[in-house]
Amino acid sequence: MSESVAVQWFPGHMAKTRRLITDSLKQVDLVVELTDARIPQSSRNPELDQWVSGKPRILLLNKSDQADPEATRRWLEHYRREGIPALSCDCKSGAGVDRFLPMVRQTLAGLLARREEKGMAGRMIRIMVVGVPNVGKSSFINRMAGSRRAKAEDRPGVTRGKQWVSLGKDVELLDMPGVLWPKFDDPLVGEKLAFTGAVKDDVLDIELLAMRLLENLAGNYPGRLEERYKLAGLDGLDGLALLEAVGRKRGMLISGGEINTERAAIMVVDEYRSGKLGRITFELPREESSHESV
């Protein structure tokens, strides 16, 4: 088994984002937290519970098109049992996004009824959009607004300041920059965030990341590796052996027949993130977890 990937990344602008979120809460009626459906727990900032305490909240499990659909169903059932409004979606294609505003109105039904009683029906509903970097906040806002109002790129740390986006006559979204937290108490959390691209690759050991990814897949989705890389007999292989096997199959050799493990690592991580290894989820709700990182 390879050592876990050490991830500690907390640029100075993220401390500013924490203040920006807490200072802006008084301006909004509801907080929507985007998570990555492949890592629903690891992609939730644990500090948000404290920051947004008292505000109604909705969870969106984005990138559900890349996640194991059965695992996503289990997560949604878990949140239902916890009394947390949640839905799965794919903001790039728009799948599931049409259910968001009805869920907002259902979640805020009490507030909207009180406003109507006071003659304030139609008052603007203001929603803060939060989440870790690269979870798809800008894609969600652009999909809801029907335009490219917010910057959207497939890399972390693009949005740097807050942006208000109107969805029509009575709903506004407040887009906040992505924010991680200063220290990952569980190293596997940082590792899974690195798998999915929430942490910049230039602060990571890409070969170790690929080894850990391959170990995880060999333990939980061995058929995907066997099919994609024409491998067999994965039992007992550690990350380095798996990476070398992949590199050998793809002909990534250098002088003397040695395997170019760096090139193989980059390919493995890229192929996972682009969906070529199939729909994969790295964690299940704690009470039924079987997809733990190895």
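Report follows, based on the coordinates. (Residues numbered from 1 in each chain as written. Predicted model: local features only at pLDDT ≥ 70, side-chain atom pairs only at ≥ 80, totals over all residues. Heavy atoms only, no water.)

## Some details on the nonpolar core
Rules: Think of a nonpolar core as a cluster: buried Ala, Val, Leu, Ile, Met, Phe, Trp, Tyr and Cys residues, connected wherever their side-chain atoms sit within 4.5 Å. Categorising residues by exposure relies on relative accessible area from a 1.4 Å probe, with only protein chains included: less than 20% of the type maximum marks a residue as buried, more than 50% marks it as exposed, and the intermediate range marks it as partly exposed. Segments assigned H or I by DSSP are reported as helices when at least four residues long, segments assigned E as strands when at least two residues long, and all are numbered from the N terminus. The contact criterion used throughout is that any non-hydrogen atoms of two residues lie within 4.5 Å.
Ranked by internal contacts, the top residues of the largest apolar core, which has 60 residues, are Val-32, Leu-60, Phe-100, Ile-127, Phe-140 and Val-268. Broken down by element, this core gets its largest block of residues, 8 residues, from helix α8 (residues 206-220). If we ignore the near neighbours within four places in the chain, the residues touching Phe-100 are Val-32, Ile-58, Leu-60, Leu-87, Ile-127, Phe-140 and Met-144. With 12 residues, the next largest nonpolar core counts Val-28, Met-128, Val-130 and Met-176 among its residues.

## A word on unusual backbone geometry
When glycine is set aside, most residues are seen to have a negative phi, and most peptide bonds are trans. Of note, Asn-134 is a non-glycine position whose phi angle comes to about 65°, a positive value. With respect to the element layout, Asn-134 can be found in the loop between β4 (125-130) and α6 (137-145). Using a relative accessible area of 14% as the deciding quantity, one classes Asn-134 as buried. Residue Lys-230 is not a glycine yet carries a positive backbone phi of 55°. Positionally, Lys-230 belongs in the loop between α9 (222-229) and α10 (239-249). A relative accessible area of 59% means that Lys-230 is categorised as exposed.

## Focus: the packing of α8 against helix α11 (residues 261-273)
Packed helix pairs are specified by the crossing angle of their axes together with the interaxial distance, meaning the distance between the axes. For clarity, the cut-off: Between N-to-C directions, angles span 0 to 180 degrees; the directions come from axes that are lines fitted to C-alpha atoms, helices contributing only their stretch in contact. Working rule for angles: under 35 degrees goes down as roughly parallel, over 145 as roughly antiparallel, 65 to 115 as roughly perpendicular, anything else as oblique. Handedness of a helix crossing follows the sense of rotation of the near helix relative to the far helix, less than a right angle counterclockwise being left-handed and clockwise being right-handed. Residues are grouped as follows: Ala, Val, Leu, Ile, Met, Phe, Trp, Tyr, Cys and Pro are nonpolar; Asp, Glu, Lys and Arg are charged; every other residue, Gly included, is polar.
Relative orientation of the contacting elements α8 and α11 amounts to 55°, with a least axis distance of 8 Å. The orientation of α8 relative to α11 falls into the category oblique. Considering the relative orientation of α8 and α11, their crossing is left-handed. Where α8 abuts α11, its residues Ile-206, Glu-207, Leu-209, Ala-210, Leu-213 and Leu-214 lie against Thr-261, Glu-262, Ala-265, Ile-266, Val-268, Val-269, Tyr-272 and Arg-273. Class assignment of the residues belonging to the contact of α8 with α11 gives a composition of 10 nonpolar, 1 polar and 3 charged.

## Some words on the packing of α10 against α11
Put simply, α10 and α11 touch, their axes get as near as 9 Å, and they point 90° apart. Classified by the angle their axes make, α10 and α11 are roughly perpendicular. Between α10 and α11, the contacting residues are Leu-243, Glu-244, Val-246 and Gly-247 on the first element and Thr-261, Ala-264, Ala-265, Met-267 and Val-268 on the second. Its residues assigned to classes, the contact of α10 with α11 comprises 6 nonpolar, 2 polar and 1 charged.

## A closer look at the pattern of salt bridges
Note the cut-off: Counted as salt bridges are all cases of a side-chain nitrogen of Lys or Arg within 4 Å of a carboxyl oxygen of Asp or Glu.
A complete count under the given rule lists 17 salt bridges for this structure. Note that Arg-57 is salt-bridged to Asp-49, the shortest N-O span being 2.8 Å. Residue Glu-70 pairs with Arg-74 through a salt bridge whose shortest N-O separation is 3.2 Å. Of this pair, Glu-70 and Arg-74 both sit in helix α3 (residues 69-82), 4 residues apart, which is roughly one turn of that helix. When salt bridges with common partners are traced through the structure, they connect Glu-33, Arg-44, Asp-49 and Arg-57 into a single cluster.

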